[in-house]
Structure formats: C-alpha cells, structure tokens
Amino acid sequence: MFNIKILCVGKLKEKFFADAVAEYLKRLGAYCRIEIEELPESRLTGAPSEAEIAAALAREAGSLKLRIPKDSLVIAMCIEGRELDSKQLADFIELCGVKGKNRICFIIGGSVGLDESIKNEAALKLSMSKMTFPHHLARVMLLEQLYRGFKISEGAKYHK
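Computed from a predicted structure; not experimentally measured.

Student: I'd like a rundown of the pairing of strand β2 (residues 32-39), residues and numbers included.
Tutor: Taken together, the eight bridges between strand β1 (residues 2-9) and β2 define a ladder with parallel strand orientation. Its bridge partner being in β2, Ile-6 is matched across the sheet by Ile-36.

In structure tokens form, the structure reads like this:
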C-alpha cells in the first residue's frame, strides 16, 4: 500500500476547500495511507521585495525539509514542472510501486511558491497547468487527481 504525504504551506481556511479535501481523503483511504500536513506560511509585507520573498521561501524550505518522510520520493508541485495527464500520473504512480517506491511526498508551496532548493531536490517537478491556481485549490486538485489515478489503475469507470 502506498504511503502518501502532502506537505502544504499555508492553512486551509475556506470551508468549501476543507469539505472537498475531506471527501477525497475519505475516498483515497481505500487505496493508500494519506496524510496532509500544513506548515505556516511566512508573513510578508504588502509589497515585499525579492529579498524578503527569498528569505521567506528559504525559511519555509527549512521547515518542509524537516517533515519529508525518510525514503520518500519527493514531488514538488510548481508551475514550471512537467505536465502529466491523468493517465500519465496513474502510470507514474504505478511505476513507483513497481520500483518499490511506495512512499511519496508531494509538496505544495504557499502563495509565493516554493524555494528553488525544494524544487532542485525533488525527484519530479509536477505542474497541474501553465495557469496559476490558488495553492488551496491546488491541494484539492491534487487529491482529486490521485483518486482518479487509483481509479484508472483499477480499471474503474470514474475516469472517462
């Protein structure tokens, strides 16, 4: 069974996002052990400088690195990452299992993204789209795609 951890910078506040997350966590329970851990987002001024942003991202990266489970395959969610369709993601997860990589850690940054050190150390940089989405919505989208991937792998009709 897969062990999936999703590390998220920022707290999920909106009830509609929290409800969607809870629903997909429930569904995914049949396919994997899954955990979401939220880390505090660094506070920035109204118009932060590049140096302030870089310092905030570095602080967040330090906290993230301490929470990545040992022996995990790390996937950094970032806009410049590789785009996979749902079937390709399902195939990738299956391949991880075949290779004995049943611990996967997805990392979703906060509103200003992820530090380059996290991206550079990840086994895969994954993008959901070239479009920009709120990081809270990205969490829901990732959970849905993981669920869809497991359904694809089992040959279910969820994926059309």
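Student: Outline helix α5 (residues 135-154), listing residues and values.
Tutor: Taking 1.5 Å per residue as the helical rise, α5 with its 20 residues ought to reach 28 Å, and the 29 Å between its terminal C-alpha atoms agrees with that figure. Of all 20 residues in α5, 15 are buried; the element is thus mostly enclosed. With its phi angle positive at about 80 degrees, Gly-155 sits one or two positions after the end of α5.

Student: Would you mind going over the nonpolar core in detail, with residue names and values included?
Tutor: Counting residues in each nonpolar core, the largest one holds 30 residues, and the members touching the most others are Ile-4, Ile-6 and Phe-106. Among the elements of the structure, β1, α1 (15-28), β3 (73-83), α3 (86-98), β4 (103-108), β5 (124-127) and α5 are those that each provide at least two residues to this core. It is α5 that contributes the most residues to this core, seven residues altogether. In terms of nonpolar packing, the next biggest core, distinct from the first, is built from 12 residues, Val-9, Leu-64, Val-74 and Cys-105 among them.

Student: Can you lay out the side chain of Lys-119 for me, pointing to particular residues and giving the numbers?
Tutor: By the secondary structure assignment, Lys-119 is in helix α4 (residues 116-121). Judged by relative accessible area, which is 9%, Lys-119 ranks as buried. Those residues in contact with Lys-119 that sit more than four places away from it in its chain are Ala-76, Cys-78, Glu-80, Leu-114 and Lys-125.

Student: Explain unusual backbone geometry to me, using residue names and the numbers behind them.
Tutor: Phi is positive for Asp-71, close to 65 degrees, though the residue is something other than glycine. Inspection of the secondary structure puts Asp-71 in the loop between α2 (50-67) and β3.

Student: I'd like a rundown of the pattern of salt bridges, residues and numbers included.
Tutor: For the structure shown, the criterion picks out 15 salt bridges. Here Arg-27 ties to Glu-23 by a salt bridge, and the two come within 2.9 Å at their closest N and O atoms. Taken together, the residues span about one helical turn, with Arg-27 and Glu-23 both in helix α1 at a distance of four residues. The salt bridge partner of Lys-151 is Glu-154, with a shortest N-O separation of 3.0 Å. With Lys-151 and Glu-154 both in helix α5 and three residues apart, this pair spans about one turn of that helix. Accessibility expressed as a relative area gives 15% for Lys-151, which makes it buried. By relative accessible area, which is 45% here, Glu-154 ends up partly exposed.

Student: Tell me about the sheet that holds β3, residues and numbers included.
Tutor: Read across the sheet, five strands follow the order β2-β1-β4-β3-β5 without closing on themselves; strand pairing throughout is parallel. Every other strand in the sheet has two partners, leaving β2 and β5 as the edge strands with one partner each. Each strand of the sheet is rotated relative to its neighbour by a mean of 30 degrees, with strand direction disregarded. Relative to β5, β3 runs parallel, the two being bridged by five bridges. Along β5, the bridge assignment pairs Glu-83 with Ser-127. Taken strand by strand, α5 contacts β1, β2, β3 and β4, and its axis lies near 165 degrees from that of β1.

Conventions adopted
- Residues numbered from 1 in each chain as written.
- Predicted model: local features only at pLDDT ≥ 70, side-chain atom pairs only at ≥ 80, totals over all residues.
- Heavy atoms only, no water.
- Pairing = 2+ DSSP bridges.
- Helix = DSSP H or I, 4+ residues; strand = E, 2+ residues; numbered from the N terminus.
- Expected span 1.5 Å × (residues − 1).
- Buried < 20%, exposed > 50% of the residue type's maximum accessible area, 1.4 Å probe, protein only.
- Core = buried A, V, L, I, M, F, W, Y, C linked by side-chain atoms within 4.5 Å.
- Contact = heavy atoms within 4.5 Å.
- Salt bridge = Lys/Arg side-chain N within 4 Å of Asp/Glu carboxyl O.
- Axes fitted to C-alpha atoms, helices over the stretch in contact; angles between N-to-C directions.

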